[in-house]
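For reference, the chains in residue letters:
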Amino acid sequence: MYTLGIDIGSTTSKAVILKDGTEIMASSIVIATVGTDGVSQAIEDVLKDSGLDKSQISCTVATGYGRQSYEGADYQVSELSCHALGVHHVCPDVRTVIDIGGQDAKVLSLNEQGRMVNFVMNDKCAAGTGRFLDVMANILKLDISELEVEAAKAVKPASISSTCTVFAESEVISQLAAGTEIPDLVAGICQSVATRVASLARRVGIKEQVSMSGGVARNAGVRNAMAKELGVEIEYNPMAQLMGALGAALYAYEKAKS
Ligand code: ADP
């Protein structure tokens, strides 16, 4: 049985096809926001890569910020539940999930079955989200994937004191003009995101193992800063950005079975 999970995020659309609720047949991440054809592209990609036809998909679950405006799914499930289940599927010992996406950050507590028992969320402020990193990468004329490379070269990480993205933007421009090295600035930027989200995480309570999901988890600079801030190891799976879509495909499997 094949099931499809789609995660329609603020920045990217993701899709995963699962076989029998276990084997990942294909996955896709398309940079596109809600209201664009990113979802259709992501679905087209996974169908093509798995060699399947849409008619062979038993059930489709949509999650993410844009799920309500998408009509092509059989069910909709919240991204909190989907991230929880997706992470639990790849790493059953995880009890805390830190999910940083394009415009929000969430920290989830999981039980042994991978169900969410508590969460805290920041969806009010761009600081501590992928948006903050996107803005900073743009100022520094770096691709988002280059941030971790630069952060690793830092000698004396800069301190970014502004908690607001707009003020932090001016602060980074001033520090750049004053001659601060780019790696030091990038390390300070990654640290700033980690500090913000770590304080959110402390509110929900840190239970090990701790895992990061969402697109920002792909940035080792943020992961390392987060591990230091919280004093724990951070589990990381290269599929971190796809955890919501994977969880949606798992929910689709549960629905199809029942
Ligand atoms: P959403 O679900 O809200 O669309 P995602 O979980 O897909 O968000 O995360 C998007 C964020 O991930 C972007 O804002 C960006 O900061 C970050 N990101 C995307 N690709 C990479 C990458 N290759 N390396 C590091 N960070 C990335």
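Coordinates for the structure precede this section.
Values in this document were obtained by computation on a predicted structure and should not be read as measured data. Throughout this document, residue positions are counted from 1 along each chain, in the order its sequence is written. Confidence filtering applies because this is a predicted model: local features only for residues at pLDDT of at least 70, side-chain atom pairs given and counted only at 80 or more, and all residues used for totals across whole chains, interfaces and linings. Each side-chain value is worked out from all heavy atoms of the structure, with water and hydrogens disregarded.

## As for the packing of aromatic side chains
Test applied: When two rings of Phe, Tyr or Trp (its six-membered ring) have centres within 6.5 Å they constitute a pair, described as stacked for plane angles under 30 degrees, edge-to-face for angles over 60, and tilted for the intermediate range. Only when the NZ of Lys or the CZ of Arg is both within 6 Å of the ring centre and within 35 degrees of the ring normal is a charge said to sit over the ring.
A complete count under the given rule lists zero aromatic pairs for this structure. One Lys or Arg, Arg-223, reaches over the ring of Tyr-236 and ends 3.7 Å from the middle of that ring. The ring of Tyr-75 carries Lys-255 above its face, with NZ or CZ at 4.6 Å from the centroid.

## Some points on the layout of surface pockets
Empty space left among the atoms is revealed by rolling a probe the size of a water molecule over them. This is how the line gets drawn: Definitions used throughout: a 1 Å grid over protein atoms alone; a cavity as a set of points that fits a 1.4 Å probe which cannot get out; a pocket as an open set with protein on both sides within 12 Å along at least five of seven lines; a lining residue as one with an atom within 4 Å of a point. Grid points are joined across faces, edges and corners, and a volume is the space filled by probe spheres set on the points. Helix and strand definitions here come from DSSP, where helices need a minimum of 4 consecutive H or I residues and strands a minimum of 2 consecutive E residues; each element is numbered from the N-terminal end. For this classification, Asp, Glu, Lys and Arg are treated as charged, while Ala, Val, Leu, Ile, Met, Phe, Trp, Tyr, Cys and Pro are nonpolar and the rest, including Gly, are polar.
Roughly 790 Å³ of internal volume is contained in the largest pocket. Forming the walls of the largest pocket are 35 residues, and the residues nearest its centre are Thr-12, Gly-102, Gly-215, Val-216 and Gln-241. Mapped by element, the contributors of at least two residues to the lining of the largest pocket are β2 (12–19), β3 (23–31), α2 (79–90), α3 (130–139) and α4 (147–152). Sort the elements by how many residues they give to the lining of the largest pocket and α3 lands first, with three residues. Within the lining of the largest pocket, the residues separate by chemical class into nine nonpolar, 15 polar and eleven charged. Approximately 240 Å³ is the volume found for the second largest pocket.

## So, the nonpolar core
Heads up, the rule is: Here, nonpolar core refers to any group of buried Ala, Val, Leu, Ile, Met, Phe, Trp, Tyr and Cys residues whose side-chain atoms link them within 4.5 Å. For every residue, the accessible area obtained with a 1.4 Å probe (protein chains only) is divided by the maximum for its type, and the residue is called buried under 20%, exposed over 50%, and partly exposed between those limits. Should any heavy atoms of two residues lie within 4.5 Å, those residues are considered in contact.
Grouped together as the largest cluster of nonpolar side chains are 43 residues, with contacts concentrated most on Ile-98, Ile-100 and Met-226. Put simply, the parts of the chain that give this core at least two residues each are β6 (96–100), β7 (105–110), α3, α4, α5 (165–177), α6 (182–204), β9 (210–213) and α7 (220–230). With twelve residues, the single largest contributor to this core is α6. With residues up to four places along the chain from it excluded, the contact list for Ile-98 reads Lys-106, Val-107, Val-197, Ala-201, Val-210, Ser-211, Met-212, Ser-213, Met-226 and Leu-230. If you look at the next biggest cluster of nonpolar residues, it comprises 25 residues, including Cys-59, Cys-82, Met-243 and Ala-248.

## Considerations on helix α8 (residues 243–257)
Along an α-helix, residues three or four apart share an orientation, since each turn contains 3.6 residues. We count it as follows: For a helix, the expected span equals 1.5 Å multiplied by the residue count minus one.
Compared with an ideal rise of 1.5 Å per residue, which puts 15 residues at 21 Å, α8 spans 21 Å between its outermost C-alpha atoms and is within 8% of the ideal. Of all 15 residues making up α8, eleven are buried, and the element is well covered by its neighbours. Along α8, the positions that sit buried rather than exposed are Met-243, Gly-244, Ala-245, Leu-246, Gly-247, Ala-248, Ala-249, Leu-250, Tyr-251, Ala-252 and Tyr-253. Where α8 is buried, its residues touch β1 (2–8), β2, β3, β4 (57–63), α2 and β9.

## Some points on the sheet that holds β3
This is how it is decided: Here, strands pair whenever DSSP counts at least two bridges between them. For helices, the fitted line uses only the C-alpha atoms of the stretch in contact; every axis is such a line through C-alpha atoms, and the angle between N-to-C directions lies from 0 to 180 degrees.
On the basis of which strands lie adjacent, the open sheet formed by five strands has the order β3-β2-β1-β4-β5 and mixed pairing. Each edge of the sheet is formed by a strand with only one pairing partner; in this case those strands are β3 and β5 (75–76). Two elements, β1 and β4, share six bridges in a ladder whose sense is parallel. Along β4, the bridge assignment pairs Ile-6 with Ala-62. Lying over the sheet, α8 contacts β1, β2, β3, β4 and β5, oriented at roughly 140° with respect to β1.

Such coordinate-based values are descriptive only and should not be taken to indicate function.
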